[in-house]
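Structure at a glance
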Amino acid sequence: MRIGQGFDAHRFAEPGTGRELWLAGLLWEGEGIEGESDGDVAAHALIDALLSAAGLGDIGSLFGVGSASRGVGMHGVPMLRETVAHLRESGFVPVSVSVVVVGNRPKVGARRAEAEAALSEAIGCAVSLTATTTDHMGFTGSGEGIAAIANALVTSPDEDNLR
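Since we're looking at a predicted model, the values are computed, not measured.

1. Description of the overall build of the protein chain
When its secondary structure is counted, the protein chain shows five helices and six strands. Each helix and strand of the protein chain, ordered N terminal to C terminal, gives the series β-β-β-α-α-α-β-α-β-α-β. Radius of gyration (C-alpha) of the protein chain: 15 Å, near the 15 Å computed for a compact globule of 163 residues. Principal-axis analysis of the C-alpha atoms places the extent of the protein chain at approximately 50 × 35 × 25 Å. Across the 163 residues in the protein chain, those meeting the buried criterion constitute 46%. For the protein chain, the share of sequence-separated contacts (at least 6 apart) that also reach a separation of at least 24 residues comes to 71%. About 7,700 Å² of surface is accessible on the protein chain, with carbon and sulfur atoms providing 53% of the total. A distance of 3 Å separates the average location of the 11 positive side-chain charges in the protein chain from that of its 21 negative side-chain charges.

Put into structure tokens, the structure is as follows:
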């Protein structure tokens, strides 16, 4: 078994930009998030954690970086599915993952079960989702943005992948 960690952060978009608020695979009410893709920090942190655990790089190495990347306009759930397919092609299977959303909004608790179900279906294993604030400190605490930290455990039926 191998473990990986991922992190992502995005600032909230200015009001009136038309950006949607995607988080943990779900569309939420409120100001959207800036980014080349949908800005889903939970999904992006999970992608980095899964790739890290398998030793396969990070989200940029799989989807590219910048306005000309493959990830432009993509939503987190399809990105997660593609990441898991890449892991499986490389001989790895997700076993368990968790993600912590850091920010003042949206309030995750009311939709936690729905978000966990969406992420678990996309990844193919149990996903736990928690949320916290930074007690008004830093960019998440001041409401400028949102962040997520994720951990993933993967295994490989091929022992050579684990060395």
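2. Structural notes on the environment of glycine 32
Summarising the element assignment, glycine 32 is placed in the loop between strand S3 (26–28) and helix H1 (41–54). For the pair glycine 32 and tryptophan 22, spaced ten residues apart in sequence, the C-alpha to C-alpha distance is 7.2 Å. Ignoring anything within four residues of it in the chain, the contact list for glycine 32 reads Phe12, Ala13, Arg19, Glu20 and Leu21.

3. Considerations on the UniProt feature "domain: 2-C-methyl-D-erythritol 2,4-cyclodiphosphate synthase" (unreviewed entry) in the protein chain
Following the UniProt record, one finds the feature "domain: 2-C-methyl-D-erythritol 2,4-cyclodiphosphate synthase" (unreviewed entry) at residues 1–154. End-to-end, the C-alpha atoms of residues 1–154 are 6 Å apart, and along that stretch the chain is 32% helix and 27% strand.

4. Quick word on the UniProt feature "site: Transition state stabilizer" (unreviewed entry) in the protein chain
The UniProt record annotates "site: Transition state stabilizer" (unreviewed entry) at Thr133. Mapped onto the elements, threonine 133 comes out in the loop between strand S5 (127–132) and helix H5 (138–141). On the basis of relative accessibility, which here comes to 35%, the residue threonine 133 falls in the partly exposed class. Look past the residues within four positions of threonine 133 in its chain and what remains in contact with it is Gly103 and Asn104. In this structure the side chain of threonine 133 is engaged in a polar contact, spanning 3.4 Å, whose partner is the backbone nitrogen of aspartate 135.

5. Brief notes about the side chain of serine 120
Within the secondary structure, serine 120 is located in helix H4 (residues 112–123). Within the local environment of serine 120, its side chain forms a polar contact with the backbone oxygen of glutamate 116, the two atoms lying 2.7 Å apart. Every residue in contact with serine 120, bar those within four places of it in the chain, is listed here: Cys125, Ala126 and Val127.

6. Observations regarding the sheet that holds S5
An order of S1-S6-S4-S5 is seen for the four strands of this open sheet, with the pairing classed as mixed. Edge positions in the sheet fall to strand S1 (2–11) and S5, since each of these pairs with one other strand and no more. Strand after strand, the sheet turns through a mean of 15° between neighbouring axes, direction not considered. As defined by bridge partners, strand S4 (residues 93–102) adjoins strand S6 (residues 145–155) across nine bridges and the pair is classed as antiparallel.

7. As for unusual backbone geometry
Residues arginine 105 and proline 106 are joined by a peptide bond in cis, for which omega reads -5°. Of note, the phi angle at alanine 24 is positive, near 55°, even though the residue is not glycine.

8. A few points about the layout of surface pockets
Taken as a whole, the largest pocket spans an internal volume of roughly 230 Å³. If you trace the largest pocket, you find 17 residues lining it, with Glu36, Ser37, His44, Ile59 and Gly64 closest to the centre. When contributions to the lining of the largest pocket are tallied by element, the ones reaching two or more residues are S1, H1 and helix H2 (59–63). Across the lining of the largest pocket, the residue classes break down as five nonpolar, nine polar and three charged.

Cut-offs and rules
Residues numbered from 1 in each chain as written. Predicted model: local features only at pLDDT ≥ 70, side-chain atom pairs only at ≥ 80, totals over all residues. Heavy atoms only, no water. Helix = DSSP H or I, 4+ residues; strand = E, 2+ residues; numbered from the N terminus. Rg over C-alpha atoms; globule rule 2.2 N^0.38 Å. Buried < 20%, exposed > 50% of the residue type's maximum accessible area, 1.4 Å probe, protein only. Contact = heavy atoms within 4.5 Å. Areas by Shrake-Rupley, 256 points an atom, 1.4 Å probe, with all protein chains shown as cover. Lys, Arg positive; Asp, Glu negative; His and termini not counted. Charge placed at Lys NZ, Arg CZ, Asp CG, Glu CD. UniProt positions renumbered as here; feature names shortened; annotations may be inferred. Polar contact = N/O pair within 3.5 Å; in protein donor to acceptor, adjacent residues only side chain to side chain. Pairing = 2+ DSSP bridges. Axes fitted to C-alpha atoms, helices over the stretch in contact; angles between N-to-C directions. 1 Å grid on protein atoms, 1.4 Å probe; cavity = no way out; pocket = protein on both sides within 12 Å on 5 of 7 lines; lining within 4 Å. Points joined across faces, edges and corners; volume = space filled by probe spheres on them. Nonpolar A, V, L, I, M, F, W, Y, C, P; charged D, E, K, R; others polar.

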